[in-house]
Amino acid sequence: QVQLAESGGGSVQAGGSLRLSCVVSGGTVSTHTVSWFRQAPGKEREWVAAVPWNNGNSYYSDSAKGRFTISRDNAKNEVYLHMNSLNPEDTAVYYCAADPSARTAMLPGEMNEYKYWGQGTQVTVSS
């Protein structure tokens, strides 16, 4: 079975940075589209960024664009989300999700299409 495990969350002051990691076991990062989603208390879960398995592109939400960078290390079977210029609006539980389908690779923002999910890691940004 494919398993995802997030780490790297924590507390940071506004303007700071964090790097989240998603370790994939039972499957490979190179054959799965991997996305980061987040969910703040009382808010709907939203897509943040994605790296499709079948091309070299990266995709970002409007809020993440210019501040966050998603990357993957095929040798380590990990995907990262480097977050800069954090603000309190970024406070949320961040989830890693993966899917092997061509559809998800083409439409990475569709949350309901993802087959595998991690348990999440908390990110708290103070003002």
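Residues numbered from 1 in each chain as written. Predicted model: local features only at pLDDT ≥ 70, side-chain atom pairs only at ≥ 80, totals over all residues. Heavy atoms only, no water.

Chemist: Help me understand the environment of P100, please; the structure alone is not making it clear to me.
Modeler: Position of P100 among the secondary structure elements: in the loop between β9 (92-99) and α1 (102-106). Assessed through its relative accessible area of 34%, P100 is described here as partly exposed. C-alpha separation for the pair P100 and T28, spaced 72 residues apart in sequence, amounts to 9.5 Å. Leaving out residues up to four positions away in the same chain, P100 has contacts with T31, H32, W53 and Y116. (Helix = DSSP H or I, 4+ residues; strand = E, 2+ residues; numbered from the N terminus. Buried < 20%, exposed > 50% of the residue type's maximum accessible area, 1.4 Å probe, protein only. Contact = heavy atoms within 4.5 Å.)

Chemist: I keep staring at the packing of aromatic side chains and nothing clicks. Help me out?
Modeler: Aromatic rings in a pair are described by how distant their centres are and how their planes are angled relative to each other. Following the criterion strictly, the structure yields 3 aromatic pairs and no others. Ring centres of Y114 and W117 lie 6.3 Å apart, and the angle between their planes is 70°; this geometry places the pair in the edge-to-face category. By relative accessible area, Y114 is classed as buried at 5%. An aromatic cluster is defined as three or more aromatic residues linked by ring pairs; in this entry it consists of F37, Y114 and W117. Lying over the aromatic face of Y95, R45 brings its terminal NZ or CZ to 3.8 Å of the ring centre. Sitting above the plane of the W117 ring, R45 keeps its charged end 5.1 Å from the centroid. (Phe/Tyr/Trp six-rings, centres within 6.5 Å; stacked < 30°, edge-to-face > 60°. Lys NZ or Arg CZ within 6 Å of the ring centre and 35° of its normal.)

Chemist: I tried to follow the state of the cysteines on my own but got confused; where do I start?
Modeler: Chemically, a disulfide is nothing more than a covalent bond linking the sulfur atoms of two cysteines. Evaluation of the coordinates by the stated rule reveals 1 disulfide. Two residues, C22 and C96, share a disulfide whose sulfurs are 2.0 Å apart. Looking along the S-S bond of the C22-C96 disulfide, the torsion reads about -75°, which is the left-handed sense. In this pair, C22 is assigned in strand β3 (residues 18-25) and C96 in strand β9, connecting sequence segments 74 residues apart. The same class applies to C22 as to C96, namely buried. (Disulfide = S-S within 2.5 Å.)

Chemist: Sorry if this is basic, but what is going on with the sheet that holds strand β8 (residues 78-83) here?
Modeler: Strand-to-strand pairing in sheets goes through backbone hydrogen bonds, with the strands running parallel or antiparallel. Read from one edge to the other, the open sheet built from 4 strands follows the order β1-β3-β8-β7, with strand pairing classed as antiparallel. Across the chains shown, the open sheet's two edge strands, defined by having one partner strand only, are β1 (3-7) and β7 (68-73). With direction set aside, neighbouring strand axes in the sheet form an average angle of 15°. (Pairing = 2+ DSSP bridges. Axes fitted to C-alpha atoms, helices over the stretch in contact; angles between N-to-C directions.)

Chemist: Help me out: how do you make sense of the side chain of E78 in this one?
Modeler: Note on placement: E78 falls in strand β8. For the buried E78, no salt bridge exists, and the shortest N-O distance to an oppositely charged side chain is 5.5 Å, to K76. Among the polar contacts made by the side chain of E78, one reaches the side chain of S21 at a distance of 2.5 Å. Within the local environment of E78, its side chain forms a polar contact with the side chain of Y80, the two groups lying 3.4 Å apart. Apart from the residues within four sequence positions on either side, E78 is in contact with S21, C22, V23, V29, S71, R72 and D73. (Lys, Arg positive; Asp, Glu negative; His and termini not counted. Salt bridge = Lys/Arg side-chain N within 4 Å of Asp/Glu carboxyl O. Polar contact = N/O pair within 3.5 Å; in protein donor to acceptor, adjacent residues only side chain to side chain.)

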